[in-house]
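If you want the building blocks of each chain, they are given just below.
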Amino acid sequence: MNKSFDVIVLGAGAAGMMCAAVAGQNGRQVLLLDHAEKLAEKIRISGGGRCNFTNNAARPECYLSENAHFCRSALAQFGPRDFLALVEKHGIAYHEKKLGQLFCDDSSQQIIDMLDAECTQGGVERRMGVTVKTVSSGAAGGFVLDTSLGCFEARSLVVATGGLSIPQIGASPLGYRIAEQFGLPVTGLSPALVPLTFHVDDAAAFAPLAGVSLDVEVRAGKGRFREQVLFTHKGLSGPAILQISSYWEPGMEVVLNLLPDCDALAFLEERQGSEQLLSNALAELGWPKRFAEAWLARQGCPVRLKELTPKKRLQLAEQLHHWRIKPNGTQGYKKAEVTRGGVSTKALSSKTMEAREVPGLYFIGEVVDVTGWLGGYNFQWAWSSGYVAGKNC
Ligand code: FDA
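In this report, we go over the structure that sits alongside the text. Just so it is clear, the model here is predicted, and its values are computed rather than measured.

**Things to note about the sheet that holds strand 3 (residues 52-55)**
Strand order across the open sheet formed by three strands is 3-6-5, with antiparallel pairing between neighbours. Taken across any chain shown, the strands that pair with only one partner, and hence form the sheet edges, are strand 3 and strand 5 (94-96). Averaged over all pairs of adjacent strands, the angle between strand axes in this sheet comes to 30 degrees, irrespective of strand direction. Pairing of strand 5 with strand 6 (residues 101-104) involves three bridges; the strand directions are antiparallel. Counterpart to Glu-96 in the pairing with strand 6 is Leu-102.

**Section: the site of the ligand**
Taken together, 30 residues sit near the ligand, with Ala-15, Asp-34, Ser-172, Glu-366 and Phe-379 positioned nearest. Contact distances for the ligand include 3.1 Å between an oxygen atom and a backbone N or O atom of Ala-14. Note that an oxygen atom of the ligand is positioned 2.6 Å from one of the side-chain N or O atoms of Asp-34. Counting residues per element, the ones that place at least two in the shell around the ligand are helix 1 (14-25), helix 2 (41-45) and helix 13 (377-392). Considering each element in turn, the shell around the ligand owes the most residues, four residues, to helix 13. Here the shell around the ligand is composed, by residue class, of 13 nonpolar, 13 polar and four charged.

**Digging into unusual backbone geometry**
At Ala-40, a position not held by glycine, the phi torsion is positive, near 40 degrees. Looking at the secondary structure, you find Ala-40 in the loop between strand 2 (30-33) and helix 2. In the Ramachandran plot, Cys-51 falls in the positive-phi region, its phi being about 50 degrees despite a non-glycine side chain. When you line up the elements, Cys-51 lands in the loop between helix 2 and strand 3. Given a relative accessible area of 0%, Cys-51 falls into the buried group.

**Some thoughts on the packing of aromatic side chains**
Tallied over the full model, the rule gives 21 aromatic pairs. Each ring, one from Phe-198 and one from Phe-206, has its centre 5.8 Å from the other, and the planes form 35 degrees; the classification is tilted. Here the two residues Phe-198 and Phe-206 agree in accessibility, since each one is buried. Put simply, the rings of Phe-198, Phe-206, Phe-231, Trp-287, Phe-291, Trp-295 and Trp-323 pair up and form one aromatic cluster. The side chain of Lys-97 reaches across the aromatic face of Phe-103, ending 4.8 Å from its centre.

**Considering the sheet that holds strand 15 (residues 235-237)**
Strand pairs in the sheet, formed through backbone hydrogen bonds, run parallel or antiparallel to each other. Taken in spatial order, the seven strands of this open sheet run 17-16-13-14-15-12-18, and their pairing is antiparallel. Strand pairing shows two members of the sheet lacking a second neighbour, strand 17 (323-325) and strand 18 (329-330), which therefore form its edges. Sheet topology places strand 16 (residues 254-257) next to strand 17; three bridges connect them, and they run antiparallel. Each residue of the ladder has a partner; that of Leu-256, found in strand 17, is Trp-323. Contacts between helix 12 (residues 310-321) and the sheet are confined to strand 16 and strand 17, with strand 16 contributing the most and set at about 110 degrees to the helix.

What counts and what doesn't
Residues numbered from 1 in each chain as written. Predicted model: local features only at pLDDT ≥ 70, side-chain atom pairs only at ≥ 80, totals over all residues. Heavy atoms only, no water. Pairing = 2+ DSSP bridges. Helix = DSSP H or I, 4+ residues; strand = E, 2+ residues; numbered from the N terminus. Axes fitted to C-alpha atoms, helices over the stretch in contact; angles between N-to-C directions. Near = heavy atom within 4 Å. Polar contact = N/O pair within 3.5 Å; in protein donor to acceptor, adjacent residues only side chain to side chain. Nonpolar A, V, L, I, M, F, W, Y, C, P; charged D, E, K, R; others polar. Buried < 20%, exposed > 50% of the residue type's maximum accessible area, 1.4 Å probe, protein only. Phe/Tyr/Trp six-rings, centres within 6.5 Å; stacked < 30°, edge-to-face > 60°. Lys NZ or Arg CZ within 6 Å of the ring centre and 35° of its normal. Contact = heavy atoms within 4.5 Å.

Right, here's the structure in full:
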């Protein structure tokens, strides 16, 4: 005979654990299932082991989705302050690193332990290392899951299987397949918050600069960020590039303002006729010398300031403020922090995350077409969407 629950939560990651805890504490009999052996591996490896668990400034504008307003309701029902209250209730010490990003002082394991304790308080039954073979509609409504541990059934099924990034720790497309099986559309998917790779020529010119980092303003599509860019052996990374990668499409240029705090033309004009090396002048503005030399050589610039004609000065100033680079791709799901796109928000209620046409079926967290900026926004979406589903399932 099938073992029966009120709710099955599929995926014991950030969103699934939050949802299971809330539903359990709301009086539901909950089963939390995962194919991984360990709980919430992505929380464990996040934020360099300290979990950037939310962002003080999380607001709908910090999320990408076909429907930019979709995340509004869940964020309003359970926002950063609510998650922080939970963290404080559990006595977890934290600090703000920069730009509203909150991290554990000690270890991301504390967040996993906190969610686990909340699940225990809600009487959640947990089964790890379980393979889900099929998901189907129950004869009398609800859902039946055929698994390696036998069949389980429930009135509500919450899909919290996350995105496709880092397949080596358990990412799978199961959530998207379940959506399609029940007739919910899934948008295009792509790696996001991911390093971008150089074309061959740029790679040859800039590979020796691996390790150099620079404060820039970066733009692509509708995205615009002021952060650090990092040169790597394969291309560009660092927070500025991870952020902009979510807005980047194949074939698009990325535009970097390499001197965001300086009027480059005025700076060059003040020094016209000078014997100074251009690379030394740019180093005065904080550029690493070896970056200045390689970048100027790649732009075909003269060596000394006095060699700049008025036309070349104008061109150089333009390049300094709008350095255009065309990446040839990304480093893919192996290096991406998240997946952009997912289960279409058109098919879900933004208040509860329930499928509009399939009563009892919920999608939460990264599997949904809601992708946050870098900096704690994605976990906040996991908590917010998990909470509202947990209250309603
Ligand atoms: P999550 O991936 O957490 O959980 C999904 C669960 O479903 C997993 O336990 C998985 O095993 C399970 N599952 C998948 N397929 C299954 C199947 N077929 N059967 C059964 N179970 C299955 N965000 C942030 O805000 N701050 C940060 O500091 C970081 N840092 C960070 C670092 C790195 C290296 C990565 C890769 C990602 C981040 N992120 C982040 C992003 C963040 O980890 C991510 O957005 C959330 O974990 C998403 O939560 P979910 O619960 O939706 O998926």
